[in-house]
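Results of the structural survey
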Amino acid sequence: MQMVDLHNQYLKIRDEVEAAWAEVMDSGAFIRGKAVKEFEENLSRYLGGSRVVTCGNGTDALQIALMALDLHPGDEVITPPFTFIATAEVIALLGLKPVFVDVEERTFTLDVDKVEAAITPRTKVILPVHLFGQCADMEPLLEIARRHNLYVVEDACQAIGATYTFSDGTVRMAGTMGHIGCTSFFPSKNLGCFGDGGALFIQDEKLAGEAACIANHGSVQKYHHERIGINSRLDSLQAALLNVKLRYLDEYIRARQTAAAKYNQLLAGCDQLTVPQVAPHSTHVYHQYTLRLANSVDRVQVQAELKAAGIPSMVYYPVSLHLQPAFAFLGHQRGDFPVAEHLADTVLSLPMHTELTDEMQETVAKALLAAVNKG
Ligand SMILES: *Cc1c(COP(=O)(O)O)cnc(C)c1O
């Protein structure tokens, strides 16, 4: 068994992918070709109209987003410490300061109630992460941002296709609620390509133009450079593949949701673990199916027993970012973000992908229940 099965997913769309790739190869336009423009338009339509600017990967999307906003060295960006390194890495890389705010234990996303206390005169951006596939609580976050005149950049790398429902009934896609949303097409992401890829979702036309310019060496007209940019682009072969896979994205999401419901049912009633909790304001697209183990459970032992039964499991993420050596310069210590630390010590992710069968899930659940009940 694997955490992610991309091969069997590919076999079902192989003919369509090969035809799309043959077209790109015949065209000879491998960079900024027709397929890229088509994909940007198709994804924009899927998202309900946000402008889509593709780029080289999700990390670049976050970097380009922060470069496109009017920020200065030392400006502060509020973000959770319980996420993949990329979220906070780009903040530091640009000479900005990551200011961590703890997460909620139930949803693993930014604890909105703790955000305002972290705002200073240097705060310019709130960067929530829609971790594991469900949206952070955007309505109160957007309200705080409005009140303090802050930008909101959403890390939607794990949540493409998830929706958030506002109190007035408005429904919006993950990544389209703040000023800029960022996503990744890393192969194992919910909409993954066969290499690296990423995109920004932007509401404002001018800001979208700025992001596209940054991603292309700060250039709009060839060999004329408006500003210092970077080289970050989605290539035509990846875009052609993504055009095919985008047509299946809702189906892929449903398969993940069905698998999650099945795990929930198989694991129900076990005091030693808590299945993923879905907040009422968001759907969950289950990039990961992540459990919380009771304190008394020895996670190392559980993983060893699963492995012995041929079942992979992963810990996303074993070390909260504020305790990573890379962020030692921020001067944090254990105890600063207790929820993130507790989650890092107790979470466990099970195999989750579009090709899971009932038998596989039953095997996983049986082995997991046996392992946690032993401890
Ligand atoms: C995958 C991911 C990224 C980075 O995307 P890449 O395409 O790998 O650069 C950033 N943030 C989160 C939360 C991610 O899961």
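Here the structure is a predicted model, which is why all the values come from computation and not from measurement. (Residues numbered from 1 in each chain as written. Predicted model: local features only at pLDDT ≥ 70, side-chain atom pairs only at ≥ 80, totals over all residues. Heavy atoms only, no water.)

Some remarks on the sheet that holds strand 10 (residues 273-274)
- If you trace the three strands from one edge of the open sheet to the other, you get 10-11-12, paired in antiparallel fashion. Two strands in the sheet have a free side with no partner beyond their single neighbour: strand 10 and strand 12 (347-350).
- Of the pairings in the sheet, the one linking strand 10 to strand 11 (residues 289-293) comprises two bridges and is antiparallel in character. In the sheet register, Leu-273 faces strand 11, and the bridge partner there is Leu-293.
- Packing against the sheet, helix 8 (residues 249-267) makes contact with strand 10, strand 11 and strand 12, and its axis sits at approximately 25° to strand 11.
- Across the sheet, helix 9 (residues 299-308) lies against strand 11 and strand 12, angled at about 15° from strand 12, the strand it touches most. (Pairing = 2+ DSSP bridges. Helix = DSSP H or I, 4+ residues; strand = E, 2+ residues; numbered from the N terminus. Contact = heavy atoms within 4.5 Å. Axes fitted to C-alpha atoms, helices over the stretch in contact; angles between N-to-C directions.)

Digging into the domain arrangement of the chain
- Segmenting the chain into domains produces domain 1 (6-246) and domain 2 (249-372).
- Facing 47 residues of domain 1, the contacting portion of domain 2 comprises 37 residues.
- Taking both partners together, domain 1 and domain 2 bury about 3700 Å²; carbon and sulfur atoms supply 61% of that area.
- On the domain 1 side of the interface with domain 2, the three residues burying the most area are Phe-100, Phe-132 and Asn-190, jointly 19% of the side's total.
- Taken together, domain 1 and domain 2 are joined by two salt bridges.
- One salt bridge in this structure joins Glu-105 and Arg-292, with 3.0 Å as the shortest N-O distance.
- Connecting domain 1 to domain 2 are 23 residue pairs in polar contact (both at pLDDT 80 or more).
- Elements that contribute at least two residues to the side of domain 1 that touches domain 2 include exactly helix 1 (6-27), helix 4 (86-93), strand 3 (97-100), strand 6 (163-165) and helix 7 (236-246). (Domains from an automatic or database assignment. Buried area = accessible area lost by both parts, 1.4 Å probe. Salt bridge = Lys/Arg side-chain N within 4 Å of Asp/Glu carboxyl O. Polar contact = N/O pair within 3.5 Å; in protein donor to acceptor, adjacent residues only side chain to side chain.)

What to know about the sheet that holds strand 1 (residues 51-55)
- Across the sheet, which stays open at both edges, the seven strands sit in the order 1-9-8-5-4-2-3 with mixed pairing between neighbours. In this open sheet, the two strands that pair with only one neighbour each are strand 1 and strand 3. The average angle at which neighbouring strand axes cross in this sheet is 25°, direction not considered.
- Of the strands in this sheet, strand 1 and strand 9 (198-202) touch helix 2 (residues 34-46), which is tilted by about 135° from strand 1.

Examining empty space enclosed by the protein
- As enumerated under the stated definition, the model contains two cavities of 30 Å³ or more in all.
- Surrounding the largest cavity, 13 residues form its lining, Val-4, Leu-6, Gln-9, Arg-256 and Thr-354 being those nearest its centre.
- For the lining of the largest cavity, a count of residues per class yields three nonpolar, six polar and four charged.
- Split by domain, the residues of the lining of the largest cavity number at least three in each of domain 1 (6-246) and domain 2 (249-372).
- When its volume is computed, the second largest cavity comes out at roughly 50 Å³.
- Lining the second largest cavity we find Arg-106, Thr-107, Phe-108, Leu-131, Phe-132, Gln-134, Pro-276, Gln-277, His-284, Gln-288, Tyr-289 and Thr-290.
- Partitioned by chemical class, the residues of the lining of the second largest cavity number five nonpolar, six polar and one charged.
- The residues that make up the lining of the second largest cavity include at least three from each of domain 1 (6-246) and domain 2 (249-372). (1 Å grid on protein atoms, 1.4 Å probe; cavity = no way out; pocket = protein on both sides within 12 Å on 5 of 7 lines; lining within 4 Å. Points joined across faces, edges and corners; volume = space filled by probe spheres on them. Nonpolar A, V, L, I, M, F, W, Y, C, P; charged D, E, K, R; others polar.)

Considerations on the site of the ligand
- Near the ligand lie 14 residues; those nearest to it are Gly-58, Thr-59, Gln-158, Ser-184 and Lys-189.
- A distance of 2.8 Å is found between an oxygen atom of the ligand and a side-chain nitrogen or oxygen belonging to Gln-158.
- At a separation of 3.1 Å, an oxygen atom of the ligand approaches a polar side-chain atom of Lys-189.
- Burial of the ligand by the protein amounts to 92% of the accessible area it has alone, namely 380 Å².
- Under a 2 Å grid-point criterion requiring more than half of the atoms, the pocket assigned to the ligand is the largest pocket.
- At the level of elements, helix 3 (58-68) and helix 4 are the ones that each hand at least two residues to the shell around the ligand.
- Here the shell around the ligand gets three residues from one element, more than from any other, and that element is helix 3.
- In terms of residue class, the shell around the ligand is built from five nonpolar, seven polar and two charged. (Near = heavy atom within 4 Å. Areas by Shrake-Rupley, 256 points an atom, 1.4 Å probe, with all protein chains shown as cover. Sits in = over half its atoms within 2 Å of the grid points.)

So, unusual backbone geometry
- At the junction of Tyr-316 and Tyr-317, the peptide bond is cis and its omega measures out at 5° in the coordinates.
- Mapping Tyr-317 onto the fold places it in the loop between helix 9 and helix 10 (338-346).
- Non-glycine residue Arg-32 carries a positive phi angle of around 55°.
- If you trace the backbone, Arg-32 turns up in the loop between helix 1 and helix 2.
- Exposure remark for Arg-32: the relative accessible area of 55% places this residue in the exposed category. (Buried < 20%, exposed > 50% of the residue type's maximum accessible area, 1.4 Å probe, protein only.)

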